[in-house]
Amino acid sequence: MKWGDVLRNGWDAIRNHKLRSALTSLGILIGIAAVVLTVGLGQGAQKQVADRLSALGGNLLIVSPGSSTSGGLRGGFGSASTLTTADADALSARSAAPDVAGVAPVLQSSNQSLVNGPTNWTTSVVGTTPSWLSVRGRDLSSGRFITAADEKEAAAVAVLASDTAQELFGPLDPVGQSVTINSVPYEVVGVLTSAGSDSTTNLDDQAIVPLSTASQRIVGGTSRTSVQTIYVKASSPGRLGAAYQETNAILQYRHGVTSSAGADFSITTQQSVIDTTSSVNTTLTNLLIGVAALSLIVGGIGVMNIMLVSVKERTREIGLRKALGGTPAVIRRQFLCEASMLGLTGGLLGVATGVGGALTLPHFIDSPVTLSVPWILIAIAVAIAIGIGFGVYPAARAARLSPIDALRSE
Amino acid sequence: MATEPVIELRDVRKAYEMGTVRVEALRGVSLRIDPGEYVAIMGPSGSGKSTLMHILGCLDVPTEGTYRLAGEDVSTLDDVELAEIRNRRIGFVFQQFNLLPSLTALRNVELPLSYAAIDRATRHRRARESLARVGLDDRLHHRPGELSGGQQQRVAVARAVATDPALVLADEPTGNLDSAATADVLALFDELHRAGRTVVLITHEAEVAARAARTVRIRDGAIEDALVAS
């Protein structure tokens, strides 16, 4: 028998029992729809995290100072103040570091009390240069950012992040208002847009002041030129590696170290943060896929059940087909084909349901859903495989029937 | 080849194990049927008639003895080979018609042709011709449920001859028909006979058997009046 005829036979059998076939496919439909949605949600969440991190500077290198040794005790990374504004200036040189798009040295002081009349709010104050805005990938909702002139004059100006502005000024526009830090009044010149949180800090709760202002009036310390962190932005995510090499080479040269083992600084990337978040998401996605797989197995058992009923019911038909020349192999193929078509039907309807869900779900919950074509194709293949897998036993039973007994049955 | 018999049974025995009891359904049947013969096999129920029909139809193989169908020894073939022989050599007509209810008359007749892996166009043509020969060319696209019993049996006859088999084997073909339809179907067998087909008809009705040119009586697993053609 030709394959075209086998397929046609299978399709006829399914069409002759529309309701039954539809109900049988339902189990697979639900499983496949769940897989498509789960994977879509998982990938959507992963993409969201990646997008958010890259908006916060996905091309970002974070340079921290090395450790200090005091009385024989070695402090952790960042305890030494080996990085200076001169280091930051050197990294900004296009000729030495062509893959570096921007450099923002940062001096930060947490637990600073900001006061606006009767209201006060404790947050961290970040001293940095005008390039911070582009290096960290932030935007202003109103006013302006710190300028080179502010930096030069160590001006008493501040830019507030959105939550900080909200806490201190409520619904009022803080631009032009004054806020007191360490008993010194600062003019609020701008407000940042909301950026959410990274893994450890609320990016919407901070106050930005010029670096020079921070080092002279807020942080203090022994060296007026040392900084805590230098953010280095690569020209593109693809150039991150090159930017890393350049940054490392420049700093090693400037600090007079020859090997990375002796370096008094360390460079990290946001990639490690993305990796952590991804692995959490992957675990969750795998768990949900496991649940979907269970429902697919239940769906497969449904297929097997209905195929067994079908073989029983059509014993006479099988007998006739054998009498007319159907070999056991052809009979087996016919029933396998029917089972795989049930799987395929469930799979296609499941994908349609999953895609429909993926398109409507983001309107109701705050999660993006990413549809991936490879996963959809895998889902359909799995649905067919389930049909075949669970059809093997019923098909073998049909193929084994003796034509005489089968023809005699009522 | 003209002298080679269509059916040649030599001392065929068939025994079944029913639990611990051995039942001999056929006890040494020898039978020769030549091409173009119209033979009725008659016998009461329990005579071994059905067993003989199963063996003649290659639905079963003898325990002992040989069966040559159109010159080919089929007594030792396996399931797959038997299925192929049935498809090529034998056209079945059953008491219950055994048409597939979901298929049209045309596709029912095409069924054995599809198992022979004949392409669709040829299949259509041969099935149409076959249905025209039984006078149903205006019922090609009717399903069995839309046809009378007589018409259904005619579709079954069309299906039996569509593959151009060496043997048309009819098992109580009129058992489910009223007298008008019976006459109708028997006329059809007469016609097949006149057209030179070999027809073997199994029945327990004397008036049906009377239409055949030769009657073979079977009782207790053996042929009663051994009318083996010379």
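The structure contained in this document is the topic of the report that follows.

Cut-offs and rules
As a convention, each chain's residues are numbered from 1 in the sequence order in which they are written. Naming scheme: in the order in which they are written, chains are lettered from A and ligands are numbered from 1. In view of the model being predicted, local features appear only for residues whose pLDDT reaches at least 70, and side-chain atom pairs are presented and counted only at 80 or more, with totals across whole chains, interfaces and linings using the full set of residues. Being paired, for any two strands, means DSSP has found at least two bridges between them. Where helices and strands are cited, they refer to DSSP runs of H or I of at least four residues and of E of at least two residues respectively, numbered from the N terminus. Residue pairs qualify as contacts under a 7 Å threshold applied to their C-beta atoms, which are placed from the backbone. Classification convention: Asp, Glu, Lys, Arg as charged; Ala, Val, Leu, Ile, Met, Phe, Trp, Tyr, Cys, Pro as nonpolar; all other residues, Gly among them, as polar. By convention the nonpolar core is taken to be a set of buried residues drawn from Ala, Val, Leu, Ile, Met, Phe, Trp, Tyr and Cys and joined through C-beta atoms within 7 Å. With C-beta atoms placed from the backbone, a residue counts as buried when 20 or more other C-beta atoms lie within 10 Å of its own, as exposed when 12 or fewer do, and as partly exposed for counts between those limits. Under this scheme, a helix contributes an axis fitted over its contacting stretch, all axes are lines through C-alpha atoms, and angles between N-to-C directions fall in the 0 to 180 degree range. Between 65 and 115 degrees an angle is taken as roughly perpendicular, under 35 as roughly parallel, over 145 as roughly antiparallel, and anywhere else as oblique. Note on convention: the crossing is left-handed when the near helix lies turned anticlockwise from the far helix by less than a right angle, right-handed when the turn is clockwise.

**Quick look at the sheet that holds strand β3 (residues 38-42) of chain B**
Residues and elements named next belong to chain B.
- With mixed pairing, 6 strands are arranged side by side in an open sheet as β6-β7-β8-β3-β9-β10. One side of each edge strand has no neighbouring strand; the edge strands of this open sheet are β6 (90-93) and β10 (222-223).
- Sheet topology places β3 next to strand β8 (residues 199-203); 5 bridges connect them, and they run parallel. Residue pairing across strands places Ala40 opposite Leu201, the latter belonging to β8.

**Concerning the interface of chain B and chain A**
- On the chain A side, the residues contacting the 19 residues of chain B number 17 residues.
- Every element with two or more residues in the side of chain B that touches chain A is listed here: α2 (79-89) and α3 (105-115) of chain B.
- Considering each element in turn, the side of chain B that touches chain A owes the most residues, 6 residues, to α2(B).
- Taken together, the residues that form the side of chain B that touches chain A break down as 10 nonpolar, 5 polar and 4 charged.

**Focus: the sheet that holds strand β5 (residues 72-73) of chain B**
All names here are of chain B.
- In spatial order, the strands read β2-β1-β4-β5; together these 4 strands make up an open sheet with antiparallel pairing. A single partner strand is all that each edge strand has here, and the edge strands are β2 (21-33) and β5.
- The pairing of strand β4 (residues 64-69) with β5 spans 2 bridges and is antiparallel. Directly across from Leu69, in β5, lies its bridge partner Glu72.

**What to know about the nonpolar core**
- One finds A:Ile32, A:Val36, B:Ile41, B:Ala158, B:Val168, B:Leu169 and B:Val200 to be the most contacted residues of the largest nonpolar core, which totals 121 residues.
- Among the elements that make up this core, the one with the highest residue count is helix α2 (residues 18-55) of chain A (12 residues).
- Each residue touching B:Val200, except ones within four places of it in the same chain, is listed here: B:Ile33, B:Val39, B:Ile41, B:Leu56, B:Leu167 and B:Leu169.

**So, the packing of α3(B) against helix α5 (residues 149-162) of chain B**
Residues and elements named next belong to chain B.
- Relative to each other, α3 and α5 sit at 30 degrees, their axes nearing to 8 Å. By the angle class used here, α3 and α5 are roughly parallel. For the pair α3 and α5, the crossing hand works out as right-handed. Counting all contacts with α3, which are made through Ala105, Asn108, Val109, Leu111, Pro112 and Leu113, the residues of α5 involved are Val155, Ala158, Arg159 and Ala162.
- Class assignment for the residues of the contact of α3 with α5 results in 8 nonpolar, 1 polar and 1 charged.

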